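Here's the letter readout for the chains.
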Amino acid sequence: MGHQQQQTHIRLVVFLPGIFAFATAFAVGAQAQPIDAPFVPSEGLTREVTTTITAFVAATEGDDGYKTARTLVIGSSADARLARAWREWRRVALTNNTITQDNTTSAHVPSKHLIFRSVEVEELHPARETDDALQAQVKVHLDVATASPNLPAEQWPAEPWQGDFTLQKGSEENAQWQFASVQPDGNPNAFFQFSERGGNWLEQATEVVRYPQTMLRTTRLLTAQSSLRLLVDAIQRYVARTGHYPPSRYFSALLEGETETSRPALRQAFRVAGTTRAWRINPALAGQTPKEERENPQTWLLWDGTARHPYFLMAGYALVAFLDGHIATVSAQDLQ
């Protein structure tokens, strides 16, 4: 290709089908290029890239979208749990119907939508693996609409999230563009991190297709966090009321001081979701009177495991509630 690497910037304004009209792409005008100049993507090729990204975002609109998304991600998982993982991701990330403190859902808050502002093709060149395949380095400008799907452009956030992706197209006839990778090392994270604004949702959607087990593990983590929060709050109320920590068999003691409306959620929180086990209270604290001058806020209060240590069943991590009320994941290495 060229002796000098010259980036080609092409900005396209595109919108999600069904939400906005698909705008006509406007590309850099064709100019005569030296023989050794870098390859300049044509308007047609650029539109193909844009259409692929638009199709992927459109797939997030429905529970069955994983069927489309899986064809658009190189290295996508054939895991039978993908459909469930996709639904879980949409439920957690793309709607506001999340579990609240009293275990109810916020049913009156409208769903969120992924919306493109634009796609910028930064570079398009033959792939390293073969002279015929093409790779495109793409920057996606993404917005999240949380009100009406017809949210006007002037109401979009001033600083939309920008994500960088690599798309690849093979040399075979009728080949289509696909997301080549999300994580350079190919290793999935243990959990998804959901930001308040949700700027990484497009990246998460790609990861869900590649690593559905990560989404299912994250769902399990979120459920456990919700349960531990209910238990920690109940224990704190118990200590304030009685002046000591509850006994090892703490659950009936907690229920006695709770209202009728809060008891059902507390009963559900007591069990570790998906198991027959109960969250265990630190036996060194059970029944004891708090001694603030001696107690370390990092002392463990509740965990899933034996009386001595938790089970590290979530990709080598365990979820632990601490004496100061915060909840965090820990690994076996954290104990060394």
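Another aspect to go through is the packing of aromatic side chains. Following the criterion strictly, the structure yields nine aromatic pairs and no others. With 5.6 Å between their ring centres and 70 degrees between their planes, Trp-300 and Trp-303 make a pair best called edge-to-face. Per residue, the accessibility class of Trp-300 equals that of Trp-303, and both read buried. Grouping aromatic residues by their ring pairs yields a cluster made of Phe-56, Phe-165 and Phe-179.

Moving on, we come to the packing of helix α5 (residues 212-242) against helix α7 (residues 263-270). Packed helices, taken two at a time, are described by the angle their axes make and the gap between the axes. The geometry of α5 relative to α7 is characterised by a closest axis approach of 9 Å and an angle of 115 degrees between their N-to-C directions. Seen along the crossing, α5 lies across α7 with a hand that is left-handed. Across from Ser-227, Leu-230, Leu-231 and Ala-234 in α5, the residues of α7 making contact are Ala-265, Leu-266, Ala-269 and Phe-270. Class assignment for the residues of the contact of α5 with α7 results in seven nonpolar, one polar and no charged.

This part takes up the sheet that holds strand β6 (residues 280-281). Pairing in this open sheet of four strands is antiparallel, and the strands run β6-β7-β8-β9 from one edge to the other. The open sheet is flanked by β6 and β9 (327-331), the only strands paired with a single partner. Here β6 pairs with strand β7 (residues 300-303) via two bridges, running antiparallel. Across the sheet, residue Ile-281 finds its bridge partner in β7, namely Leu-302. Running over the sheet, α5 touches β6, β7, β8 (317-322) and β9 and is turned about 20 degrees from β8.

With that out of the way, let us pick up the packing of helix α3 (residues 82-93) against helix α4 (residues 201-210). Contact geometry of α3 with α4 gives a least axis separation of 9 Å together with a crossing angle of 160 degrees. Taken as axis vectors, α3 and α4 run roughly antiparallel relative to one another. Along this stretch, α3 crosses α4, giving a crossing that reads as right-handed. Judged by residue contacts, Leu-82, Ala-85, Trp-86, Trp-89 and Ala-93 of α3 engage Trp-201, Gln-204, Ala-205, Val-208 and Val-209 from α4. Its residues placed into classes, the contact of α3 with α4 shows nine nonpolar, one polar and no charged.

Core analysis: the largest hydrophobic core is formed by 39 residues, its most contacted members being Ile-53, Trp-86, Trp-89 and Leu-167. Going through the elements one at a time, α1 (43-59), α2 (66-71), α3, β2 (113-126), β3 (134-145), β4 (161-169), α4 and α5 are the ones with two or more residues in this core. The contacts of Ile-53, once residues within four sequence positions are left out, are Phe-116, Val-119, Val-138, Val-140, Leu-167 and Phe-179. Counting 33 residues, the second largest nonpolar core, distinct from the first, contains Leu-231, Ala-265, Leu-266 and Leu-285.

Before going further, it helps to spend a moment on the confidence of the model for the protein. Residue-level pLDDT values for the protein average 78, and 72% of them are 70 or greater. In the model of the protein, strand β1 (residues 10-12) stands out as the element of lowest mean pLDDT, 41, in contrast to β6, which has the highest, 96. Confidence over residues 1-32 falls short of pLDDT 50; this stretch has 78 contacts with residues more than four positions distant or in other chains.

Here Asn-174, not a glycine, exhibits a phi torsion of approximately 65 degrees, which is positive. With respect to the helices and strands, Asn-174 occurs in the loop between β4 and β5 (178-181). Residue classification places Asn-174 among the exposed residues on the basis of a relative accessible area of 73%. With a phi angle near 55 degrees, Ala-315 is a residue other than glycine that sits in the positive phi range. Here Ala-315 is to be found in the loop between β7 and β8. With a relative accessible area of 41%, Ala-315 lands in the partly exposed category.

Bringing α1 into the picture now. For α1, which comprises 17 residues, the first-to-last C-alpha distance of 24 Å matches the rise-based estimate of 24 Å (1.5 Å per residue) to within 8%. For α1, the set of buried residues is Leu-45, Thr-46, Val-49, Thr-50, Thr-52, Ile-53, Thr-54, Phe-56, Val-57 and Ala-59.

Looking now at the environment of Ala-78. Relative to the helices and strands, Ala-78 resides in the loop between α2 and α3. Classification of Ala-78 by relative accessible area gives exposed; the value is 71%. The sequence separation of Ala-78 and Pro-212 amounts to 134 residues, and the corresponding C-alpha distance is 9.3 Å.

Definitions and limits used
Residues numbered from 1 in each chain as written. Predicted model: local features only at pLDDT ≥ 70, side-chain atom pairs only at ≥ 80, totals over all residues. Heavy atoms only, no water. Phe/Tyr/Trp six-rings, centres within 6.5 Å; stacked < 30°, edge-to-face > 60°. Buried < 20%, exposed > 50% of the residue type's maximum accessible area, 1.4 Å probe, protein only. Axes fitted to C-alpha atoms, helices over the stretch in contact; angles between N-to-C directions. Helix = DSSP H or I, 4+ residues; strand = E, 2+ residues; numbered from the N terminus. Left-handed = near helix turned anticlockwise from the far one by under 90°. Contact = heavy atoms within 4.5 Å. Nonpolar A, V, L, I, M, F, W, Y, C, P; charged D, E, K, R; others polar. Pairing = 2+ DSSP bridges. Parallel < 35°, antiparallel > 145°, perpendicular 65-115°, else oblique. Core = buried A, V, L, I, M, F, W, Y, C linked by side-chain atoms within 4.5 Å. pLDDT = per-residue confidence, 0-100. Expected span 1.5 Å × (residues − 1).

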